[in-house]
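So you can see what is in the structure, the chains are spelled out below.
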Amino acid sequence: MITDLTKDHPDHTLWRFLLPLFLSVMFQQLYNIADSMIAGRFAGEQALAAVGASYPITIIFMAFAVGSNLGTSVVVSRLFGAKDYKNMKTAVSTSLISCGLLSLALTLFGILTCPLMMRLIHTPSDIFSDGVLYLEIYVYGLAFLIFYNVATGIFTALGDSKTPLYFLIGSSIGNIILDYIFVAEFHMGVAGVAWATFIAQGISAVLAMISLFLRLKTIKCKENSALFSFNILNQIASIAIPSIMQQSVLSVGNLFVQNIVNQFGSSVIAGYSAAIKLNTFAINSFMSLGNCLSSYTAQNLGAKKPERIPMGFRSGIRLSLLAAIPFFVIYFFFGNFIMDMFLKDGSIEALQSGMDFLKIVSPFYFMISIKLMCDGILRGSGAMSYFVMATIPDLILRILIAKILINWFGSTGIWMAWPFGWIIATILTLVFYRDVVRKQRNLYL
């Protein structure tokens, strides 16, 4: 279903649009968590540590998929809001062609550099081989990852958040079943975890692309659209590249953090691996709200209705704070039960490391969720320089403070660095948001 986000009050529009998108992210994170959970329970603590050690590197590849999603989504949203269906279809085909070339380049790069990347973060020798194996299989599926993300970005731009949900439900269930069969029954270890993700993601990507082409056929325009446009590619790139840079900067920061974590051995790595997956679950759920605001903002600016942006922001803040409550309660008060689900027979050090991380970070979800709502407005309005500028202090503070605090608090000092970066980043994005709203109002006066 295609939804126009430029008409009803955002309290109603965003609720209807958001719920399927929010559930999509939850299901997507569910099978990411299932990878680690099944690896930890059926293949052991070292298998969990191997998957976790490669995770920051996979996030770098994910940055390209997410950036492509955001760039395409904002441009398509803007054209859809302006009812320019001809150029909207050109934007879709331009994005898909570009992403095909991008996925090929990234796959070749990944195949050639997997062992090198694992060595750069000083992966312990007892989990090095399994970490490289997981990463290599992951790289084979990069095309599926990128095309699926772009397809969901286009659906979101058209106001349809339900279709991606249907694919993700099927993909998540399939991934979990395959995880269990490959790891618990066939004893394939880390390779089984990786191949389960590859197969589930591949099926989801193919179905999403078929559905997208069928959906685009229902949108009629008087003239035939061009297959490719360098002008539109530049518009997409102006959003996608800063988004990729922002995500990559965070990913590189995570690599530095992983390098610090690796100094404390495989038990701490295993605990961190479980906890960071749970943290990513929460953060990506909040990001889904921000992505929703990006489409909302772009559609309304395309329709020349900047006065609706603050209304959407206030609605997004209410929704994000509401979403933060269950994550905080579960992680802060019941972290020991959740960690035990990952590490059935894990060491006390691994369990304690994961619980410490969750207790320290989860109270600040209420703050970082506000930052991610600001990010959504900044992306949707095309203010990408602000979007990137708010990320750098978070990265620098997190690494520097972690290096300092480990001298007094050991591995716990690493987790204590998270809130410092989040506080500064949130303050900056609030300042940037106010400036963007002021400029957009002046533009349309």
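Read on for an overview of the structure. (Residues numbered from 1 in each chain as written. Predicted model: local features only at pLDDT ≥ 70, side-chain atom pairs only at ≥ 80, totals over all residues. Heavy atoms only, no water.)

**Observations regarding helix α12 (residues 365–380)**
Part 1 of the reasoning: The end-to-end C-alpha distance of α12 is 23 Å, a good match for the 22 Å that 16 residues give at a rise of 1.5 Å each.
Part 2 of the reasoning: Looking at the residues trailing α12, positive phi occurs at Gly382, about 80°. (Helix = DSSP H or I, 4+ residues; strand = E, 2+ residues; numbered from the N terminus. Expected span 1.5 Å × (residues − 1).)

**Describing the packing of aromatic side chains**
Part 1 of the reasoning: Enumeration according to the criterion identifies 23 aromatic pairs in this entry.
Part 2 of the reasoning: Between Phe228 and Phe230, the aromatic rings sit 5.0 Å apart at their centres with planes inclined by 80°, giving edge-to-face as the arrangement.
Part 3 of the reasoning: You can call Phe228 partly exposed: its relative accessible area is 30%.
Part 4 of the reasoning: Using a relative accessible area of 61% as the deciding quantity, one classes Phe230 as exposed.
Part 5 of the reasoning: Between Phe334 and Phe337, the ring centres sit 6.4 Å apart and the planes meet at 40°, which makes this aromatic pair tilted. Here the residue Phe334 and the residue Phe337 both occupy positions in helix α10 (residues 309–342), the gap between them amounting to three residues, near one helical turn.
Part 6 of the reasoning: An aromatic cluster is defined as three or more aromatic residues linked by ring pairs; in this entry it consists of Phe281, Phe286, Phe327, Tyr331, Tyr365 and Trp422.
Part 7 of the reasoning: Taking the ring centre of Phe332 as reference, the NZ or CZ of Lys359 above it sits at 4.3 Å. (Phe/Tyr/Trp six-rings, centres within 6.5 Å; stacked < 30°, edge-to-face > 60°. Buried < 20%, exposed > 50% of the residue type's maximum accessible area, 1.4 Å probe, protein only. Lys NZ or Arg CZ within 6 Å of the ring centre and 35° of its normal.)

**Here we look at the pattern of salt bridges**
Part 1 of the reasoning: What the rule picks out here adds up to three salt bridges.
Part 2 of the reasoning: For the salt bridge of Asp435 with Arg438, the shortest nitrogen-to-oxygen distance reads 2.4 Å. In this pair, Asp435 and Arg438 both sit in helix α15 (residues 412–443), three residues apart, roughly one turn of the helix.
Part 3 of the reasoning: Classification of Arg438 as partly exposed rests on a relative accessible area of 44%.
Part 4 of the reasoning: The shortest N-O distance in the salt bridge between Lys439 and Asp435 comes to 3.2 Å. With Lys439 and Asp435 both in helix α15 and four residues apart, the pair spans about one turn of that helix.
Part 5 of the reasoning: Taken together, the salt bridges that share partners define one network made up of Asp435, Arg438 and Lys439. (Salt bridge = Lys/Arg side-chain N within 4 Å of Asp/Glu carboxyl O.)

**Regarding the environment of Pro124**
Part 1 of the reasoning: Within the secondary structure layout, Pro124 lies in the loop between α3 (85–120) and α4 (125–140).
Part 2 of the reasoning: Since its relative accessible area comes to 16%, Pro124 is described here as buried.
Part 3 of the reasoning: Considered as a pair, Pro124 and Ser266 are 142 residues apart in the sequence and their alpha carbons are 7.2 Å apart.
Part 4 of the reasoning: Beyond its immediate stretch of four places on either side in the chain, Pro124 contacts Asn262 and Ile269. (Contact = heavy atoms within 4.5 Å.)

**What to know about the packing of helix α9 (residues 266–302) against helix α11 (residues 348–361)**
Working note: a packed helix pair is described by the angle between its axes plus the distance between those axes.
Part 1 of the reasoning: Between α9 and α11, the shortest axis-to-axis distance is 7 Å and the interhelical angle comes to 35°. The interaxial crossing formed by α9 with α11 has right-handed handedness. In this structure, α9 uses Ser267, Val268, Ala270, Gly271, Tyr272, Ala275, Ile276, Leu278 and Asn279 to contact α11, whose residues at the interface are Glu349, Ala350, Ser353, Gly354, Phe357, Leu358 and Val361.
Part 2 of the reasoning: When grouped by side-chain class, the residues that make up the contact of α9 with α11 number ten nonpolar, five polar and one charged. (Axes fitted to C-alpha atoms, helices over the stretch in contact; angles between N-to-C directions. Left-handed = near helix turned anticlockwise from the far one by under 90°. Nonpolar A, V, L, I, M, F, W, Y, C, P; charged D, E, K, R; others polar.)

**Digging into the nonpolar core**
One recurring pattern in soluble globular proteins is that nonpolar side chains are buried together.
Part 1 of the reasoning: By size, the foremost hydrophobic cluster in this structure holds 118 residues, and its most contacted members are Phe286, Tyr331, Phe357, Tyr365, Ile414 and Trp418.
Part 2 of the reasoning: Looking at this core element by element, the count peaks at 17 residues for α9.
Part 3 of the reasoning: Beyond its immediate sequence surroundings of up to four residues, Ile414 is in contact with Val257, Ile260, Val261, Phe264, Ala402 and Ile406.
Part 4 of the reasoning: Core analysis: the second largest hydrophobic core is formed by eleven residues, Val74, Ala298, Ala390 and Phe432 among them. (Core = buried A, V, L, I, M, F, W, Y, C linked by side-chain atoms within 4.5 Å.)

**A look at α4**
Part 1 of the reasoning: In this model α4 runs 24 Å from its N-terminal to its C-terminal C-alpha over 16 residues, within 8% of the 22 Å that 1.5 Å per residue would give.
Part 2 of the reasoning: Of all the residues in α4, the buried ones are Ile127, Phe128, Gly131, Val132, Tyr134, Leu135, Ile137, Tyr138 and Val139.

**Here we look at the packing of α10 against α11**
Part 1 of the reasoning: Where α10 meets α11, the closest approach of the two axes is 9 Å, and the angle between their N-to-C directions is 150°. Compared by their axis directions, α10 and α11 come out roughly antiparallel. Note that α10 runs across α11; the crossing there is right-handed. Each of Tyr331, Phe332, Gly335, Asn336, Met339 and Asp340 in α10 lies in contact with α11, whose residues at this interface are Ala350, Leu351, Gly354, Met355, Leu358 and Lys359.
Part 2 of the reasoning: For the contact of α10 with α11, the per-class residue count stands at seven nonpolar, three polar and two charged. (Parallel < 35°, antiparallel > 145°, perpendicular 65-115°, else oblique.)

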